[in-house]
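# Working through the structure, step by step
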Amino acid sequence: MIFGQLPIEWGMRLHLPVGLLESIDAAVQEERLAGICFPPKGQELQALNSLRPEAIKVIICGQDPYHGPGQADGLAFSVAAGVPYPPSLRNIIREAISDLGQPWPLERSFDEDGCLGSWARQGVLLLNDVLTVRTGEPGSHAHLGWQEFTGALLDLMSDQDQPLVVFLWGERAKAHAWRFTSSKHLILRSSHPSPLSAFRGFFGSRPFSTANAWLEAQGVVPINWMGQ
């Protein structure tokens, strides 16, 4: 069962409709029997592993996982060590370089936790709106009920009394903005970094420097976006 891997520090605090987890699990298993789906079985909740809710400083919320072979690793926008960067990730790197005026450390391609593993270790929750996808079919699992689960995760984060920056990239991610209303939250909305939309507001949005400036103003150690 997918949710057997849900860390207890998350599961015990979520407010979920009765039967939701069983319904999602059954739907995903049916999809996997019918064809190839990503991320690989067992990695669906990777974003929550080793990251306690109270340790999170930044949420990056996308839409659904990469749908190409070998790309999705359970962390939104990341790929496993040594996997070529998909277009959306290349655009994220392009914006980070432009925003921060620093080179991207190419050696991170071989990070044992994936190319964005260092972000997660610093308290960045790399979450998608939907956590699985059919191969070659973006948005194909948007009807399986994942949004109720990820919405509950975001509600849990919103309810905590801690400064939090929330990146909402793409229309489905931006639909969660209403969950964050406290002055302790900074919401940064933009278009998705995919090639189809990056030029419609993602490039030039400067999310990384904006997030760090705000975190520092709240007395929180900022994210070393380019560090190991």
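Please read all numbers here as calculations on a predicted model, not as lab measurements.

Analysis parameters
- Residues numbered from 1 in each chain as written.
- Predicted model: local features only at pLDDT ≥ 70, side-chain atom pairs only at ≥ 80, totals over all residues.
- Heavy atoms only, no water.
- Helix = DSSP H or I, 4+ residues; strand = E, 2+ residues; numbered from the N terminus.
- Rg over C-alpha atoms; globule rule 2.2 N^0.38 Å.
- Core = buried A, V, L, I, M, F, W, Y, C linked by side-chain atoms within 4.5 Å.
- Buried < 20%, exposed > 50% of the residue type's maximum accessible area, 1.4 Å probe, protein only.
- Contact = heavy atoms within 4.5 Å.
- Expected span 1.5 Å × (residues − 1).
- Arc of directions from axis to C-beta.
- Pairing = 2+ DSSP bridges.
- Axes fitted to C-alpha atoms, helices over the stretch in contact; angles between N-to-C directions.
- Polar contact = N/O pair within 3.5 Å; in protein donor to acceptor, adjacent residues only side chain to side chain.
- Parallel < 35°, antiparallel > 145°, perpendicular 65-115°, else oblique.
- Lys, Arg positive; Asp, Glu negative; His and termini not counted.
- Salt bridge = Lys/Arg side-chain N within 4 Å of Asp/Glu carboxyl O.
- 1 Å grid on protein atoms, 1.4 Å probe; cavity = no way out; pocket = protein on both sides within 12 Å on 5 of 7 lines; lining within 4 Å.
- Points joined across faces, edges and corners; volume = space filled by probe spheres on them.
- Nonpolar A, V, L, I, M, F, W, Y, C, P; charged D, E, K, R; others polar.

### Brief notes about the overall build of the protein chain
- Of regular secondary structure, the protein chain possesses seven helices and six strands.
- Helices and strands appear in the protein chain in the N-to-C order α-α-β-β-α-α-β-β-α-β-α-β-α.
- The C-alpha atoms of the protein chain give 17 Å as radius of gyration, which agrees with the globular expectation for 228 residues (17 Å, within 12%).
- Along the first, second and third principal axes, the C-alpha set of the protein chain runs to 45 × 40 × 30 Å.

### Examining the nonpolar core
- The biggest cluster of nonpolar side chains holds 74 residues, and the ones touching the most others in it are Ile 59, Ile 60, Trp 119, Trp 146, Phe 149, Phe 167 and Trp 225.
- With seven residues, the top contributor of residues to this core is helix α5 (residues 146-159).
- Aside from chain neighbours lying at most four places away, what touches Phe 149 is Phe 3, Leu 6, Leu 14, Leu 16, Leu 20, Leu 21, Ile 24, Leu 45, Leu 48 and Leu 131.

### Comments concerning helix α2 (residues 20-34)
- In this model α2 runs 21 Å from its N-terminal to its C-terminal C-alpha over 15 residues, within 8% of the 21 Å that 1.5 Å per residue would give.
- All of the buried residues along α2 are Leu 20, Leu 21, Ile 24, Asp 25, Val 28, Glu 31 and Arg 32. An end-on view of α2 places all buried positions within 130° of arc, on one side of the element. Counted as exposed and oriented over 90 degrees from the buried face of α2: Glu 30, Leu 33 and Ala 34.
- Buried residues belonging to α2 abut β1 (37-38), β4 (133-134) and α5.

### With respect to the environment of Phe 203
- Within the secondary structure, Phe 203 sits in the loop between β6 (185-190) and α7 (207-217).
- Sequence separation between Phe 203 and Glu 95 is 108 residues, and the spatial gap between their C-alpha atoms is 5.9 Å.
- Excluding residues that lie within four positions of it along the chain, Phe 203 makes contacts with Asn 91, Arg 94, Glu 95 and Ala 198.

### Observations concerning the sheet that holds strand β5 (residues 164-169)
- Strand order in this open sheet of four strands is β3-β2-β5-β6, and the pairing throughout is parallel. Edge positions in the open sheet fall to β3 (124-128) and β6, since each of these has one partner strand only. Averaged over all pairs of adjacent strands, the angle between their axes in this sheet comes to 15°, without regard to strand direction.
- Strand direction decides the pairing type here: β5 and β6, joined by six bridges, are parallel. Opposite Leu 164, over in β6, you have His 185 as the bridge partner.
- The strands touched by α5 within the sheet are β2 (58-62), β3, β5 and β6, with β3 carrying the most contacts at an inclination of about 155°.

### Considerations on the side chain of Glu 44
- Relative to the helices and strands, Glu 44 is located in the loop between β1 and β2.
- The class of Glu 44 is buried, set by a relative accessible area of 3%.
- A polar atom in the side chain of Glu 44 sits 2.9 Å from the backbone nitrogen of Gly 42.
- For Glu 44, the residues in contact, after removing those within four places along its chain, are Ile 2, Gln 5, Arg 32, Pro 39, Leu 131 and Thr 132.

### What about the packing of helix α3 (residues 87-100) against α7?
- Where α3 meets α7, the closest approach of the two axes is 7 Å, and the angle between their N-to-C directions is 55°. On the basis of their axis angle, the class for α3 and α7 is oblique. Contacts between α3 and α7 involve Ile 92, Glu 95, Ala 96, Asp 99 and Leu 100 on the former and, on the latter, Pro 207, Phe 208 and Ser 209.

### Considering the side chain of Lys 57
- Along the chain, Lys 57 turns up in the loop between β1 and β2.
- For the buried residue Lys 57, which engages in no salt bridge, the nearest side chain bearing the opposite charge is Glu 216, 10 Å off.
- Of note is the side chain of Lys 57, whose polar atom sits 2.9 Å from the backbone oxygen of Val 221.
- Not counting the four nearest positions on each side in its chain, Lys 57 is found in contact with Gln 122, Gly 123, Pro 163, Leu 164, Val 165, Leu 215, Val 220, Val 221, Pro 222 and Ile 223.

### Structural notes on the layout of surface pockets
- What the largest pocket holds in volume is close to 650 Å³.
- Lining the largest pocket are 37 residues, with Asp 64, His 67, Ser 88, His 192 and Ser 194 positioned closest to its centre.
- Counting residues per element, the lining of the largest pocket draws most heavily on β3, which supplies three residues.
- For the lining of the largest pocket, the class distribution of residues is 17 nonpolar, 14 polar and six charged.

From the geometry alone we can't say anything about function, so treat these as descriptive.
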